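A look at the structure
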Amino acid sequence: MEATKKLKVVIAGGGTAGWMSACAMARQLSHYLDITLVESEQIGTVGVGEATIPTMQTFHLLLQIEEQEFIRETQATFKLGIQFENWGAKGDSYLHSFGETGKETWAGQFQHFWLRGKKEGVNHGFGEYSLEHQAALAGKFAVTKNPRLNYAYHLDAGLYAKYLRRLSESDGVKRVEGKISRVELSEESGDIRALHLESGQSIEGDLFIDCTGFVGLLIEKALHTGYEDWTNMLLCDRAMAVQTTADPQLLPYTRAIAHDSGWQWRIPLQNRVGNGLVYSSKFLSDEQAGDLLSKNIDGDTINEPRVIQFKPGRRLKTWNKNCVAIGLSSGFIEPLESTSIHLIASSIIRLMRFIPLSGVKSVDRDEYNRQAADELQSIRDFIVLHYKATEREDSEFWRYCKNMDIPDSLHTRMAMYQDSGRIFWLQDELFTVNSWNQVMLGQRLSPEGYHPVADAMSAEDLKRYLDGLRSSISAVVDKLPSHAEFVKTSAM
């Protein structure tokens, strides 16, 4: 490719996925790319991806975003984890917190020492050895260095897209207003040649990025890529979202409250609270969902509830021909564990590594698709775990989940953990040993044994070791300001 010729990148759709894509590529590859984003103000975005995970900090470093400005512009708050209520059994509550729990050795992960401690009568909860867990339950937060709190954000997705749009346009991204009426394909190659708008304007490109949401206007409607359906193990196919007035308590974590046919989220922002019910249309009608949600929210509603339909699964290829699907157009699991914005960022970074400056090559496209599929399937297994590992049989929904067939990959993890407390983790997987530990224990999956390395320490030394971890964490948490206080300072 000649140094003077830029690759023409056309992004179809704005919203979170479109503007994250535009901003990242403009800030990192502006010398090589000519970027145009097409969106219509007449077409709404899903806009409810308001909870994130810690990988977003890394993405913001890539975008050179200053945190305090981001907090102010998006009405964001900080997030230390997710509290799950009524999942393993009605009345249960556990926190899946970020960071690490305890300290591990090369031979044995921390849960083995904790399990040995329980055998010796040291009956403190697993989460008491996590700084993020204890800070979250205390309602405290600060950006710290030593020790460092691992955190993510709650944010207003609509404001985030507008913020990224301003950054993108200042970096040379061209925005075109208009609805796409037709996708023109090359008769020879089958590649996308141009997008035709209702206004009559035509936008040609070399590489097209589909950020058109669930509809998949390019990747599916034009290229007929195909979809792998996961609804046999992820039953929820609806979400009803509504906003309520701000909660002055401002908890530094998301709440995920299980109901008879799904679960409810509660996400605290500076200016409001995001609420939603995720449910299966096989077990709950939209009208019943609306009644259930209205009875289980606090504060006054700000907007009318809206229903979002989705089908859990993935595109058979997320890169097909000269089109890459990013965001909801590439597939969707469900909102549990807040992975949507992470998957957008991960897809963008992967694409920039494979950016076809000298033309699309099948070897690059195939490897991109393999990595994308592996990532989504490992996250899928982690989400399915929440439904499968349960003692609930009080509704038809939960009876199905408890007894449903699951992938062999997840069955192996669960069986190994129940037998010996062992967890294997591949380096590129999003959810680490700490996450698997917290969810499996929280969902009442108790190991019958532990690694013998934990027996190498005397009972007295083990108790001293565990007590020391708890007391050091308590000392740090005691000195932290409240989350509400810290957010108020950060937003100034």
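Residues numbered from 1 in each chain as written. Predicted model: local features only at pLDDT ≥ 70, side-chain atom pairs only at ≥ 80, totals over all residues. Heavy atoms only, no water.

Let us now look at the overall build of the protein. Assigned secondary structure in the protein consists of 15 helices and 21 strands. A globule of 492 residues ought to have a C-alpha radius of gyration of about 23 Å, and the protein, at 23 Å, matches this closely. Across its three principal axes, the protein shows a C-alpha extent of roughly 75 × 50 × 50 Å. Within the protein, buried positions represent 56% of all 492 residues. For the protein, contacts bridging at least 24 residues in sequence account for 77% of all contacts bridging at least 6. For the protein, the computed accessible surface area is about 21,300 Å², with 48% contributed by carbon and sulfur atoms. (Helix = DSSP H or I, 4+ residues; strand = E, 2+ residues; numbered from the N terminus. Rg over C-alpha atoms; globule rule 2.2 N^0.38 Å. Buried < 20%, exposed > 50% of the residue type's maximum accessible area, 1.4 Å probe, protein only. Contact = heavy atoms within 4.5 Å. Areas by Shrake-Rupley, 256 points an atom, 1.4 Å probe, with all protein chains shown as cover.)

Further remarks concern empty space enclosed by the protein. Considering all chains together, one arrives at 4 cavities of 30 Å³ or more under this definition. The calculated volume of the largest cavity comes to roughly 60 Å³. Considering the residues around the largest cavity, the lining is formed by Met 20, Ala 51, Thr 52, Ile 53, Thr 55, Met 56, Phe 59, Ser 338, Ile 341, His 342 and Ala 345. Taken together, the residues of the lining of the largest cavity sort by class into 7 nonpolar, 4 polar and no charged. (1 Å grid on protein atoms, 1.4 Å probe; cavity = no way out; pocket = protein on both sides within 12 Å on 5 of 7 lines; lining within 4 Å. Points joined across faces, edges and corners; volume = space filled by probe spheres on them. Nonpolar A, V, L, I, M, F, W, Y, C, P; charged D, E, K, R; others polar.)

Our next topic: the pattern of salt bridges. The tally for this structure, following the rule as stated, stands at 35 salt bridges. Note that Arg 27 is salt-bridged to Asp 171, the shortest N-O span being 2.6 Å. With Arg 27 in helix α1 (residues 15-29) and Asp 171 in the loop between α6 (157-170) and β7 (174-177), the pair connects residues that are 144 residues apart, well separated along the chain. On the basis of relative accessibility, which here comes to 22%, the residue Arg 27 falls in the partly exposed class. With relative accessibility at 31%, the residue Asp 171 sits in the partly exposed group. (Salt bridge = Lys/Arg side-chain N within 4 Å of Asp/Glu carboxyl O.)

The next thing to look at is the sheet that holds strand β11 (residues 207-210). Ordered by their spatial adjacency, 6 strands build an open sheet running β7-β2-β1-β11-β20-β19, and the pairing between neighbours is mixed. Strands at the two margins of the open sheet, each flanked by one partner only, are β7 and β19 (319-320). In terms of strand pairing, β11 meets strand β20 (residues 323-325) through 3 bridges, oriented parallel. Within β20, the position partnered with Asp 210 by the bridge is Ala 325. (Pairing = 2+ DSSP bridges.)

The buried count for strand β1 (residues 7-12) comes to 5 of 6 residues, which makes it a mostly enclosed element. Where β1 and strand β2 (residues 33-39) come together, 6 bridges link them in parallel fashion. Residue Leu 7 lies in a different strand from β2, and its bridge partner there is Leu 33. Following the chain from β1 across α1 to the adjacent parallel β2, one finds a crossover that is right-handed. Bridge count for β1 against β11 is 4 bridges, and the pairing is parallel. (Right-handed = clockwise from strand over helix to strand, strands pointing away.)

Take the side chain of Thr 244 next. Assignment of secondary structure puts Thr 244 in strand β13 (residues 238-245). A polar contact is formed between the side chain of Thr 244 and the side chain of Asn 275, at a distance of 2.9 Å. (Polar contact = N/O pair within 3.5 Å; in protein donor to acceptor, adjacent residues only side chain to side chain.)

Moving on to unusual backbone geometry. In this structure, Pro 147 follows Asn 146 across a cis peptide bond, with omega equal to -5 degrees. Notably, Gln 75 is not glycine yet its phi reads approximately 55 degrees, a positive angle. Relative to the assigned elements, Gln 75 resides in the loop between α3 (67-74) and β3 (77-79). You will see that Leu 250, though not glycine, has its phi angle at about 50 degrees, which is positive. As for its placement among the helices and strands, Leu 250 is situated in the loop between β13 and β14 (254-259). Take Leu 250: its relative accessible area is 9%, and that puts it in the buried class.

Our focus in this paragraph is the environment of Gly 421. Assignment of secondary structure puts Gly 421 in the loop between α12 (408-420) and α13 (433-442). For the pair Gly 421 and Gly 449, spaced 28 residues apart in the sequence, the C-alpha separation amounts to 6.2 Å. Discounting chain neighbours no more than four positions away, the residues touching Gly 421 are Gln 109, Gln 111, His 112, Met 416, Pro 447 and Gly 449.

It is worth spelling out the packing of aromatic side chains at this point. Given two aromatic rings, one states the distance between the centres and the angle between the planes to describe the pair. By the definition in use, this model includes 30 aromatic pairs. Centre to centre, the rings of Phe 283 and Phe 397 are 5.8 Å apart; their planes meet at 85 degrees, and the pair counts as edge-to-face. Of the two residues, Phe 283 sits in the loop between β16 (272-279) and α8 (286-295) while Phe 397 sits in helix α11 (residues 396-403), which places them 114 residues apart along the sequence. Geometrically, the ring pair formed by Tyr 387 and Phe 397 is edge-to-face, given 6.0 Å between the ring centres and 80 degrees between the ring planes. One end of the pair, Tyr 387, is in helix α10 (residues 362-388); the other, Phe 397, is in helix α11, with 10 residues separating them in the sequence. Taken individually, Tyr 387 and Phe 397 each receive the classification buried, so the pair is uniform in this respect. Three or more aromatic residues link up through ring pairs in this structure, and these residues are Phe 84, Trp 87, Tyr 94, Trp 263, Trp 265, Phe 283, Tyr 387, Phe 397 and Trp 398. Over the ring of Tyr 368 we find Arg 350, and its NZ or CZ is 5.5 Å from the ring centre. (Phe/Tyr/Trp six-rings, centres within 6.5 Å; stacked < 30°, edge-to-face > 60°. Lys NZ or Arg CZ within 6 Å of the ring centre and 35° of its normal.)

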